[in-house]
Every structure is written in C-alpha cells, then in structure tokens.
Amino acid sequence: GFVNDEQVKFSAYSSPARGKAPFAHAAHTSGPDLQATGPSVVHSSYQGANNAAAASAGHSQQRIQLEPSQLYAGLQAVSLAPASQGADRSAGPNLELLLKEATEAYRAGDYSRALALCQAVSAALPNRADVLLLMGAICYQLKDFQQCIAYNDRCILIDPNLAEAHANLANALQQLGNIDMAIVYYQSALRLKPFFTDAYNNMASALVAKGLIPEAMDCYMQALRVNPRLVDVHNNLGDLWRAQGVLGRA
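One numbering rule holds for all chains: residues counted from 1, following each sequence as written. For this predicted model, a pLDDT threshold of at least 70 governs which residues receive local features, and a threshold of 80 or more governs which side-chain atom pairs are given and counted, while totals over whole chains, interfaces and linings are taken from all residues. Each side-chain value is derived from all of the structure's non-hydrogen atoms; neither hydrogens nor water enter the calculation.

### A look at the overall build of the protein chain
(1) Moving on: A count of helical and extended segments in the protein chain gives 12 helices and 2 strands.
(2) Moving on: Helix and strand definitions here come from DSSP, where helices need a minimum of 4 consecutive H or I residues and strands a minimum of 2 consecutive E residues; each element is numbered from the N-terminal end. Order of helices (α) and strands (β) in the protein chain, N terminus to C terminus: β-α-α-α-β-α-α-α-α-α-α-α-α-α.
(3) Moving on: Exposure classes here rest on a 1.4 Å probe applied to the protein chains alone. A residue is buried below 20% of its type maximum, exposed above 50%, and partly exposed in between. Per-residue burial for the protein chain yields a buried fraction of 56% across its 250 residues.
(4) Moving on: Any two residues whose heavy atoms approach within 4.5 Å at even a single point are treated as in contact. Taking contacts inside the protein chain between residues at least 6 apart in sequence as the whole, the part at least 24 apart equals 70%.
(5) Moving on: In these tables, accessible area is a Shrake-Rupley quantity obtained with a 1.4 Å probe, and a residue counts as shielded only by the protein chains included in the view. For the protein chain, the accessible surface area stands at approximately 10000 Å², while carbon and sulfur atoms represent 51% of it.

If you want it as structure tokens, here you go:
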C-alpha cells in the first residue's frame, strides 16, 4: 500500500502516505496540526481553493490501475502544532492543563477523551490555532473526515501560513476521494514549507490515485532529496516501480 493511518506524529502537518499519522502540533519547521471546534461546514479557504482544483490537477500522463487498498492503506494521520502556536497568553493555567491532558490523551490513542478536553478549551479560546489543529487531528483518527476538514479550514483562516493545517486538510480530502482538491492543498503546504517530506509523500499517493505516475515518482524523489533515509518513501517508490514491472529500480 502507499499510505497508512497508524503512526501519529506531533508536528504541524499530516500526510496520506505509508506509515504516517496526522499532525497534531504545528511547528514551523515540522510538526502536527491542530484543529478547531465548530460546524462541519467548510469555510472560505476551502471554498476558494475548490475553484482552482481542476486547473491544478489536470495532466494526462501514463496511467496505472491500482487497487484502492494500495492507494489508501498508508495515509498518514493528522499532526499537532506546538503548544505555543497561536497561543493565547491570557489563557489561565486550567485551560493549559486541559490542553496538555488532551495532547497526552491523543498520543495515547484515547481520541474521544482528547476531543472532549479540546472542546472545553476551544469553548473558551475559539480562535486558538493549535487547539483547532489538534481537534482536526483527533477527528481524522476518528475517521470523521468532514469535521477534520472543517477544523483545519478554520485553522487556515486564523493562520494561513500553517503548512500542517493545509497538509492535514489534504489528507482528509484524499480519504474522501476528492483527489483534485487534496493535490491543491498539498501544493499549498509545500509552498509554505518546501522541505515538508510528509506532504511530498502523501501528495504522491494522490497523484498515483489520478494515474499520474511520473509526477508521483518525482514527489517521492523530492522527499528523498530532503532526507535520503526515509524508509517509508523508499518503500512507496519501490511499490510504484514494481507496479510498473520495473523491478530493477525498486
């Protein structure tokens, strides 16, 4: 497969490729993304990007048919942003303690408790980006992809430069089968963070789903240029070569 949902990262982005989890914290170097509470309706950042999706993803290239399980088995989960990201310095110690407990619950896989704690924090601090990013990551793990999109979209409205939120939103879109829009958001994440290897890895899986094999291979190679020791990316690239019968390059 090209992606999996099991491993959880605490950085500012998420990816849908093999072996990665959603980002629950957002560091401007790398980290998981957080999501905010709110209606499961996508807001302006998502709606605006929707208009550009067709133009951005329409290339006709060599196409290979792969099973859906191969395309989505390795989607990364959502990541979190650092606690300082979008922090409200007026927040009392009780809210900070709740947020810390929510992060610990997320890391422990207790997603329902993590979400309840985040909702209590978000009720008092509705515009705090790190809380929104974490809520989005939690919803991704709970497979509530629509709510994940809504939280990440709100996070982007608050902090448009948070690459992790763009990548996490793209992961949720890919899970829902909206590949064109997922590619648009991976591209925006990479514009914000050019060395974002998870975004390259996950965008490659979206390109494979579109049958855009040369572009997918280029994404994997870009990730390996940043970090040649990425085992998951080597495996994904090898799977892709094997799917084409080019065993010698795997």
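### Quick look at the environment of Q174
(1) Moving on: Considering the arrangement of structural elements, one finds Q174 in helix α8 (residues 163–175).
(2) Moving on: Looking at Q174, the relative accessible area reads 0%, which means it is buried.
(3) Moving on: Through-space distance from the C-alpha of Q174 to that of F145 is 9.5 Å; in sequence the pair is 29 residues apart.
(4) Moving on: Engagement of the side chain of Q174 in a polar contact is seen with the side chain of S205, the distance being 2.8 Å. Under this definition, polar contacts are N or O atom pairs within 3.5 Å; protein pairs additionally need one hydrogen-donor-capable and one acceptor-capable atom, and for neighbouring residues in sequence, both atoms have to be side-chain atoms.

### Focus on the confidence of the model for the protein chain
(1) Moving on: The score called pLDDT rates the predictor's confidence residue by residue, from a low of 0 to a high of 100. Of the residues in the protein chain, 61% reach a pLDDT of 70 or more, and the chain-wide mean stands at 74.
(2) Moving on: Between the elements of the protein chain, mean pLDDT differs from a low of 36, seen in helix α3 (residues 68–72), to a high of 97, seen in helix α9 (residues 179–192).
(3) Moving on: Contacts for the low-pLDDT stretch residues 1–15, under 50 throughout, to residues beyond four places or in other chains number 146 contacts.

### Digging into the packing of aromatic side chains
(1) Moving on: Pairing of aromatic rings covers Phe, Tyr and Trp, the last counted by its six-membered ring, and requires centre-to-centre distances within 6.5 Å; plane angles under 30 degrees mean stacked, over 60 mean edge-to-face, and any other angle means tilted. In this structure the tally under the stated criterion is 2 aromatic pairs.
(2) Moving on: Taking 5.3 Å as the distance between ring centres and 70 degrees as the angle between the ring planes, the aromatic pair formed by Y140 and F145 counts as edge-to-face. Here Y140 and F145 have matching classes, each one buried.
(3) Moving on: Ring-over charges, as used throughout, are those where CZ of Arg or NZ of Lys falls within 6 Å of the ring centre and within 35 degrees of the ring normal. Over the ring of F196 we find K193; its NZ or CZ atom is 5.0 Å from the centre of that ring.

### Here's the deal with the packing of α9 against helix α10 (residues 197–209)
(1) Moving on: Note on geometry: axes are C-alpha line fits, over the in-contact stretch for helices, and angles between N-to-C directions span 0 to 180 degrees. For the pair α9 and α10, interaxial distance at closest approach is 10 Å and the crossing angle is 155 degrees. By the criterion of interaxial angle, the relationship of α9 to α10 is roughly antiparallel. Judged by the twist between their axes, the crossing of α9 over α10 is left-handed. On α10, the residues that touch I179, I183, Y186, Q187, A189 and L190 of α9 are A199, Y200, N202, M203, A206, L207 and A209.
(2) Moving on: Under the convention adopted here, Pro, Cys and the residues Ala, Val, Leu, Ile, Met, Phe, Trp and Tyr are nonpolar, Asp, Glu, Lys and Arg are charged, and Gly plus all remaining residues are polar. Tallied by class, residues from the contact of α9 with α10 come to 11 nonpolar, 2 polar and no charged. With respect to orientation, any angle under 35 degrees is reported as roughly parallel, any angle over 145 as roughly antiparallel, any angle of 65 to 115 as roughly perpendicular, and every other angle as oblique. Here a crossing is called left-handed whenever its near helix is offset anticlockwise from the far helix by less than a right angle, and right-handed whenever the offset is clockwise.

### Structural notes on the state of the cysteines
(1) Moving on: By convention in this document, the label disulfide applies to cysteine sulfur atom pairs within 2.5 Å. By the definition in use, this model includes 0 disulfides.
(2) Moving on: Take C118: it sits in no disulfide, and the sulfur closest to it among the cysteines is that of C139, at 9.2 Å.
(3) Moving on: For C118, a relative accessible area of 0% puts it in the buried group.
(4) Moving on: In this structure C139 is not part of a disulfide, and its nearest cysteine sulfur, from C148, lies 6.7 Å away.
(5) Moving on: On the basis of relative accessibility, which here comes to 2%, the residue C139 falls in the buried class.

### Section: the pattern of salt bridges
(1) Moving on: What makes a salt bridge here is a side-chain nitrogen of Lys or Arg within 4 Å of a carboxyl oxygen of Asp or Glu, nothing more. Under the criterion given, the structure shown has 6 salt bridges.
(2) Moving on: E164 is paired through a salt bridge with K193; the nearest N and O atoms lie 2.1 Å apart. Remark: K193 occurs in the loop between α9 and α10 and E164 occurs in helix α8; sequence separation between them is 29 residues. In this structure, E164 and K193 share a single accessibility class: buried.
(3) Moving on: Taken together, the shared-partner salt bridges connect E96, R128 and D130 into one network.

### Quick word on α8
(1) Moving on: Helix length check: α8 (13 residues) gives 19 Å between terminal C-alpha atoms against 18 Å at 1.5 Å per residue, within 8%.
(2) Moving on: By the criterion of burial, α8 is predominantly enclosed, with 13 of the 13 residues buried.
(3) Moving on: Phi turns positive one or two residues past the end of α8, at G177, with a value near 85 degrees. Expected span of a helix: the number of residues minus one, times 1.5 Å.

### A few points about α10
Note that an α-helix has 3.6 residues per turn; residues three or four places apart therefore point the same way.
(1) Moving on: A rise of 1.5 Å per residue sets the reference length of α10, with its 13 residues, at 18 Å; its end C-alpha atoms lie 19 Å apart and thus fit the reference within 8%.
(2) Moving on: Taken across its 13 residues, α10 has 12 buried, putting it largely inside the fold.
(3) Moving on: Once α10 finishes, G211 follows within two positions and takes phi at roughly 80 degrees, a positive value.

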